[in-house]
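# A structural walkthrough
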Amino acid sequence: MDKLLATVLSAPLSQILQQHPICRDFFLNLRILDINWDLPLMQALDLVDGEAISEFGLDKEMILRDFCDFLKTFGKKAEDSLAIKSVTILGGHGKTGAGEIQEFTVSIGEIVSIVGPTGSGKSRLLADIECLADGDTPTGRTILIDGRKLSDAERFDVEGRLIAQLSQNMNFVMDLTVREFLEMHAGSRLSMNVGKTIERCFACANELAGEKFTMETRVTQLSGGQSRALMIADTAYMSTSPIVLIDEIENAGIDRRQAIAILARKEKIVFISTHDPLLALSADKRIVISNGGISRILLTSDEEKSCLDSIEKLDATIFCLRNSLRSGHEITREILKGQEP
Amino acid sequence: MKLITFAGPPSSGKTSVILKLVEAMNIASGEIGAVKFDCLTSFDNLRYQEAGIPVVTGFSGKLCPDHFFVSNIESAVEWGIKSGFKILVTESAGLCNRCSPYITGILSICVIDNLSGVNTPRKIGPMLKMADIVVVTKGDIVSQAEREVFAFNIRQVNTAARIFFINGITGQGAPMLARHLQGAREIEGLRDMKLRFTTPAAVCSYCTGEIRIGEQYQMGTMKKMEFKLPSHG
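Residues numbered from 1 in each chain as written. Chains lettered and ligands numbered in written order. Predicted model: local features only at pLDDT ≥ 70, side-chain atom pairs only at ≥ 80, totals over all residues.

## Concerning the overall build of chain A
- If you tally the helices and strands in chain A, you get 15 helices and nine strands.
- With respect to the three principal axes, the spread of C-alpha positions in chain A is 80 × 50 × 30 Å.
- Every one of the 341 residues in chain A was classed for burial, and the buried ones make up 36%.
- For chain A, the proportion of contacts with a sequence separation of at least 24, taken over those separated by at least 6, is 66%. (Helix = DSSP H or I, 4+ residues; strand = E, 2+ residues; numbered from the N terminus. Buried ≥ 20, exposed ≤ 12 C-beta atoms within 10 Å, placed from the backbone. Contact = placed C-beta atoms within 7 Å.)

## Looking at the sheet that holds strand β6 (residues 243-247) of chain A
Residues and elements named next belong to chain A.
- Sheet architecture is open: six strands sit in the order β5-β6-β7-β3-β8-β9, paired in mixed fashion. For this open sheet the edge positions go to β5 (163-167) and β9 (293-299), each flanked by a neighbour on one side alone. Direction aside, the axes of adjacent strands within the sheet are offset by 20° on average. (Pairing = 2+ DSSP bridges. Axes fitted to C-alpha atoms, helices over the stretch in contact; angles between N-to-C directions.)

## Points about the nonpolar core
- Grouped together as the largest cluster of nonpolar side chains are 129 residues, with contacts concentrated most on A233(A), V270(A), V134(B) and V135(B).
- Excluding residues that lie within four positions of it along the chain, V134(B) makes contacts with C110(B), I112(B), L128(B), I154(B), N158(B), A161(B) and I163(B).
- Grouped together as the second largest cluster of nonpolar side chains are 14 residues, V8(A), L13(A), I22(A) and C23(A) included. (Core = buried A, V, L, I, M, F, W, Y, C linked by C-beta atoms within 7 Å.)

## What about the interface of chain B and chain A?
- Tallying the contact residues gives 30 residues for chain B and 33 residues for chain A.
- Of all the secondary-structure elements, those providing two or more residues to the side of chain B that touches chain A are α6 (144-157), β7 (162-165) and α7 (174-181) of chain B.
- Counting residues per element, the side of chain B that touches chain A draws most heavily on α6(B), which supplies nine residues.
- For the side of chain B that touches chain A, the class distribution of residues is 15 nonpolar, eight polar and seven charged. (Nonpolar A, V, L, I, M, F, W, Y, C, P; charged D, E, K, R; others polar.)

## Digging into the environment of E211(A)
All names here are of chain A.
- Within the element layout of this structure, E211 appears in the loop between α10 (194-208) and α11 (224-237).
- For E211, a count of 12 C-beta atoms within 10 Å translates into the label exposed.
- Separated by 139 residues in sequence, E211 and K72 place their C-alpha atoms 43 Å apart.
- For E211, the contacting residues outside a window of four places in its chain are S223 and Q226.

## Quick notes on the sheet that holds strand β2 (residues 103-107) of chain A
All names here are of chain A.
- The strand order β2-β1-β4 describes an open sheet built from three strands, whose pairing is antiparallel. At either margin of the open sheet sits one strand with a lone partner, and together these are β2 and β4 (142-145). Within the sheet, the average angular offset between the axes of one strand and its neighbour, ignoring direction, is 20°.
- Relative to β4, strand β1 (residues 86-90) runs antiparallel, the two being bridged by four bridges. Paired with L90 across the two strands is T142, which belongs to β4.

## Describing the pairing of β1(A)
Residues and elements named next belong to chain A.
- The alternating pattern of β1 places V87 and I89 on a buried face, while none of S86, T88 and L90, on the opposite face, is buried.
- Relative to β2, β1 runs antiparallel, the two sharing five bridges. From the neighbouring strand, V87 faces β2, where its bridge partner is V106.

This is the structure:
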């Protein structure tokens, strides 16, 4: 007999609960609110209202099977994070059918920005990466993971766990406090060190956000910048997806350079579609898109890197100007020179 | 002919997903047909017609949609075969969180959307639990974290299903599922096949038109709630 089944049949539920706290949800999902945790599953089920169970179309044997499947599924997901080393884009064609760059590989820890006019195909490239294109999208591109094409079965298996996404259009729709939100996400990750991870994530989000917020702020009440900051921190600290796709997060009033640095430190591969010089030059490489195709790949030069500090000052000046206007001050030459009013 | 059944709460994006899948399947017009099981009214037939897909719409009206589904699905399949389709898709709106219009051995797909709330997967019941494939829509407008928690909650209820994220507007994600659908089983009819789960039971006086409230008017299958008075302490 399978070892897991043997355990479930003999061990008291409380012992299984200790190892897999998530199994409490299994019973909640079946509306079994009071079960005797001191008994093994089958004995405990004997004391549960049979009619309630039958409303779910189940009997004791089926619950036993489902419970084992549940433990197998969540016992496994807890440990396996998808470790990958690189992503390769095999070129397809642009909008007119003209070819593009043939092959481009990005390794873990690298940040790549994607630049090009509006409508040129930046989001299309992100979409190709997201669905691990296999010559089956309008661009004909193919995406390789660790240098090889994933089989259909593998593509189905990853179920989007390979890729985390962040875009200007994304919002929080749950009405929870920041703390509840982070706890819930950590819970779904089956993280063991929930408290610590949440604290770190919260501190990071606050560092990135211009205006501070508390653990008790509701996520739906966060400003655009604050929610972007929370999403970035959450992606960095909670999400195990090794590839991060970011579509246009500029103007969010957050420390973008630092945001990018945090994601890179977390050993992720980051693609950012952007018009923002600060973001574009914070990346190691940048993909230039024109007319639907990848026309060039540039390495961020030393000269460009040396410009970053000045760009950041310009950015801060614009930020100051905006803040002065917002708080009803008059604009002065001093602010333009980068001095606080 | 291949039969693929879709179910999902109203406005979760079933029709949009189906149309995007058909597009991605690159199938000739006349080779695919659709049957829409709805309740009172529907405008989706126009969308199928625009896409050049023959469609029959049925309205369950005062009947339970699942009862309506199971009593018409065999004829739907006959219609599909006589029309010479290679693929027939059916679409049912699950309304009462007890719906489960799925047949054993027939590819069953549940469509739910990310906006419906992260705990919704845990409440939907058989429609989600019994599906082979779960398609999640509207993921482009909620945070990554909410998408992850949502998928986790689907997994809690249905450990075996494959989960696909599809954008019903852009069709992002559809090609991969479309490819998977090519593997659906060929059938020649549904005679003696079985539903995966019983339909909601209901043969009570209200089913047959009773509208008066009161114990004396209640007959047949009834279920009573228990109301305990709050304890004053």
